[in-house]
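What follows is the residue order along each chain.
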Amino acid sequence: MLHRLTRALPAGTIAVGGGLAVLGVASYVHIAAAGHRLSTLDMSKVSVVWSIVISLGFGLFLPVEQETGRIVAARAARNDGAVPVARRAAGVSGAVLVVLLMSLAIGARPLADALFDGDRSMVAALAGALVGAALSYATRGILAGRGLFAAYGVQLGVDGGLRIALSLGLVLAGVRTPLAYAMVLTVAPVVAVLVTLRPTLRALTPGTPQSLRGYVAGLGLLTVSALAAQTVVNIGVVSVKIIAPGEVALVAALLSALILARIPIFVFAALQASLLPGLSGLLARGDIAGYHKLLLRAIGVVTLLGVGGGIPAVLLGPWAIRVFFNAPDVLHSVDFAILAAGTLVYMLAMVLAQGAISLHRHRDQALVWILGLAVLAAVTFGPGDVRLRVEFAYVAGSAVTAAVLAVLLWRVRPATDRVSPVKETAS
């Protein structure tokens, strides 16, 4: 049974999964350590930083990883090198990072007042964490595209291991300042990138020029869709902070609940890292049957993950977040049932989005994610209890996205003339 499941996964899933397992545990240790040492107000600050870093990091820099991995994988199938693509990835990531850092510097005071109760040091922590995210995703795109999933997994594992060590070190040292726990999100990923720098550089073989236009053609739309996707899955904590700023207990508890309910997403990330390069490689070779088979297998795997992870979250979630995260007792089993349902449909939407991206349908999947985000906003700012509005918004936004993407992929079949590589010229 296990052997058949392993064979059903894209190459590299197991190697990446090992690193992600460590990183996933690290997220729980980090939040648990902060929850047990910080006051509810200070924990809410760390919760907001954590949620924004995940949303912006994934939303702005994961597209660079995905597009880099897709192009490098297609080049590898044609025995073409990755250096020109890496240069484009570095330039784009650097430009986005500069804009972000300048925006945070200019808006530090209003951001601190709106999100961190006037604590501008948390804005600085947010900036540092975004630097770590930019470096991580840019290098992992090269590793994934070249099929170096062992090194990819090592980077994830080192990142996670350092988060665990630093968080526990802060607890043992009796540190009770939110800035220290937030800075873990900066130090760990930067060191992990340095540890895996050698295999990343070895993957950079010379190749034909990569035009800037060819690289960024789908990147803007991919970024829009990734930002929308990460907003759907992570915005709940920030939404409560904005629409009900006095609910600090709910903010702290909701982050712990979301982390617990999203355990399947950590596992799914191992599949996602290798899924897009796998689909793109199959299409580059004209293996349409293999493309469909891999996509259907991925859907089956994430369905099992969603159900398997959701049941224990519903049964044990309220107890677990109180014991392990020291979260306020404001959430119940029904809340975890809603969040688990949202996680399942969100993962299905992500798999279908990978299928659309591999077909170069960046525009279509971006529009669908924007639709999902609009549904989320409508539910979030509608009438009713704040807690239930935020939870149901997660489900509704994800479900609408998954349903529309499924219709698009069902109606349009890939054809070799749509997905064959296009010869590019240098800009």
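Worth saying up front: this structure is predicted, and the values here are computed from it rather than measured. (Residues numbered from 1 in each chain as written. Predicted model: local features only at pLDDT ≥ 70, side-chain atom pairs only at ≥ 80, totals over all residues. Heavy atoms only, no water.)

K.L.:
Can you help me understand the overall build of the protein in this one?
P.N.:
If you tally the helices and strands in the protein, you get 18 helices and zero strands. Rg of the C-alpha trace for the protein: 21 Å, near the compact-globule value of 22 Å for 427 residues, within the 12% margin. Projected onto the principal axes, the alpha-carbon positions of the protein cover approximately 55 × 40 × 40 Å. Looking at the 427 residues of the protein, the share that counts as buried comes to 54%. In the protein, once contacts between residues fewer than 6 apart in sequence are set aside, the share between residues at least 24 apart is 83%. Summing over all exposed atoms, the protein offers an accessible surface of approximately 17,100 Å²; the carbon and sulfur share of this is 69%. Each charge sign in the protein was given a centre, from 32 positive and 17 negative side chains, and these centres are 10 Å apart. (Helix = DSSP H or I, 4+ residues; strand = E, 2+ residues; numbered from the N terminus. Rg over C-alpha atoms; globule rule 2.2 N^0.38 Å. Buried < 20%, exposed > 50% of the residue type's maximum accessible area, 1.4 Å probe, protein only. Contact = heavy atoms within 4.5 Å. Areas by Shrake-Rupley, 256 points an atom, 1.4 Å probe, with all protein chains shown as cover. Lys, Arg positive; Asp, Glu negative; His and termini not counted. Charge placed at Lys NZ, Arg CZ, Asp CG, Glu CD.)

K.L.:
Can you help me understand the packing of helix α4 (residues 83–106) against helix α6 (residues 121–145) in this one?
P.N.:
A pair of packed helices is characterised by two quantities: the angle between their axes and the separation of those axes. The geometry of α4 relative to α6 is characterised by a closest axis approach of 10 Å and an angle of 170 degrees between their N-to-C directions. By the angle between their directions, the pair α4 and α6 is classed as roughly antiparallel. From α4, Ala86, Ser93, Leu97, Leu100, Leu101 and Leu104 reach across to α6, where they touch Val123, Leu126, Ala127, Leu130, Val131, Ala134, Ala138 and Ile142. (Axes fitted to C-alpha atoms, helices over the stretch in contact; angles between N-to-C directions. Parallel < 35°, antiparallel > 145°, perpendicular 65-115°, else oblique.)

K.L.:
Looking at this structure, I do not really get the nonpolar core. What am I missing?
P.N.:
Nonpolar side chains tend to gather and get buried jointly when the protein is soluble and globular. One finds Phe61, Tyr346, Trp369 and Tyr394 to be the most contacted residues of the largest nonpolar core, which totals 94 residues. Ranked by residue count, the leading element in this core is helix α12 (residues 248–261), at eleven residues. (Core = buried A, V, L, I, M, F, W, Y, C linked by side-chain atoms within 4.5 Å.)

K.L.:
Help me understand helix α16 (residues 362–380) in this model?
P.N.:
Each turn of an α-helix holds 3.6 residues, which means side chains three or four residues apart point in the same direction. A rise of 1.5 Å per residue sets the reference length of α16, with its 19 residues, at 27 Å; its end C-alpha atoms lie 27 Å apart and thus fit the reference within 8%. Residues of α16 that are buried: His362, Gln365, Ala366, Val368, Trp369, Gly372, Leu376 and Thr380. The buried residues of α16 occupy an angular sector of 165 degrees when the element is viewed end-on, so they sit on one face. Residues of α16 that are exposed and point over 90 degrees away from its buried face: Arg363, Leu367 and Ala378. (Expected span 1.5 Å × (residues − 1). Arc of directions from axis to C-beta.)

K.L.:
Mind showing me how you'd approach the packing of aromatic side chains here?
P.N.:
Each aromatic ring pair is summarised here by two numbers: the centre-to-centre distance and the angle between the ring planes. Scanning the model with the defined rule gives three aromatic pairs in all. When the ring of Trp319 is compared with that of Phe324, the centres are 5.6 Å apart and the planes differ by 85 degrees; the resulting orientation is edge-to-face. Overall, Trp319 belongs to the partly exposed group, its relative accessible area being 45%. Exposure remark for Phe324: the relative accessible area of 46% places this residue in the partly exposed category. The aromatic ring of Tyr137 is capped on one face by Arg140, whose charged end is 4.8 Å from the ring centroid. (Phe/Tyr/Trp six-rings, centres within 6.5 Å; stacked < 30°, edge-to-face > 60°. Lys NZ or Arg CZ within 6 Å of the ring centre and 35° of its normal.)

K.L.:
Sorry if this is basic, but what is going on with the packing of α6 against helix α7 (residues 149–172) here?
P.N.:
The interhelical angle for the contact between α6 and α7, taken along N-to-C directions, is 155 degrees, at an axis separation of 8 Å. By the angle between their directions, the pair α6 and α7 is classed as roughly antiparallel. For the element pair α6 and α7, the recorded crossing hand is left-handed. Contact residues: α6 offers Ser136, Thr139, Arg140, Leu143 and Ala144, while α7 offers Phe149, Ala151, Tyr152, Gln155 and Leu156. By residue class, the composition of the contact of α6 with α7 is six nonpolar, three polar and one charged. (Left-handed = near helix turned anticlockwise from the far one by under 90°. Nonpolar A, V, L, I, M, F, W, Y, C, P; charged D, E, K, R; others polar.)

K.L.:
Where do I start with the pattern of salt bridges in this structure?
P.N.:
Think of it this way: side chains of opposite charge can pair up when their charged atoms draw near. Using the criterion set out here, one finds ten salt bridges in the structure. For the salt bridge of Asp42 with Lys45, the shortest nitrogen-to-oxygen distance reads 3.5 Å. Residue Asp42 and its partner Lys45 are both found in helix α3 (residues 40–77); the two are separated by three residues, about one turn of the helix. On the basis of relative accessible area, Asp42 is assigned to the buried category, the value being 16%. (Salt bridge = Lys/Arg side-chain N within 4 Å of Asp/Glu carboxyl O.)

K.L.:
Would you take a moment to explain the environment of Gly141 for this structure?
P.N.:
The residue Gly141 is located in helix α6 in this model. For Gly141, a relative accessible area of 0% corresponds to the buried category. For the pair Gly141 and Met347, spaced 206 residues apart in sequence, the C-alpha separation works out to 21 Å. Beyond its immediate stretch of four places on either side in the chain, Gly141 contacts Glu65, Thr68 and Gly69.

K.L.:
Would you take a moment to explain a nonpolar patch on the surface for this structure?
P.N.:
Together, Val307, Ile311, Leu315, Leu316, Trp319, Val323 and Phe324 give the surface a local cluster of nonpolar side chains, amounting to about 710 Å² of exposed area. Tracing the chain through its elements places Leu315 in helix α14 (residues 288–325). (Patch = residues over 30% accessible without salt bridge, like charges linked within 9 Å, V, L, I, M, F, W, Y side chains within 5 Å.)

K.L.:
It is not clear to me how the side chain of Arg75 should be interpreted in this structure. Could you clarify?
P.N.:
Of note, Arg75 is situated in helix α3. Of note is the side chain of Arg75, whose polar atom sits 2.8 Å from the backbone oxygen of Thr208. (Polar contact = N/O pair within 3.5 Å; in protein donor to acceptor, adjacent residues only side chain to side chain.)

K.L.:
Sorry, what's going on with the side chain of Asp159 here?
P.N.:
Looking at the secondary structure, you find Asp159 in helix α7. Reaching out from Asp159, the side chain makes a polar contact with the side chain of Arg163 at a distance of 2.8 Å. Every residue in contact with Asp159, bar those within four places of it in the chain, is listed here: Leu23, Ala188, Pro189 and Ala192.

K.L.:
For this particular structure, what's the right way to read unusual backbone geometry?
P.N.:
Most peptide bonds take the trans form, and the phi angle of most residues other than glycine is negative. Here Asn79, not a glycine, exhibits a phi torsion of approximately 60 degrees, which is positive. Along the chain, Asn79 turns up in the loop between α3 and α4. With a phi close to 55 degrees, Asp117 is a non-glycine residue in the positive phi region. Judged by relative accessible area, which is 46%, Asp117 ranks as partly exposed.

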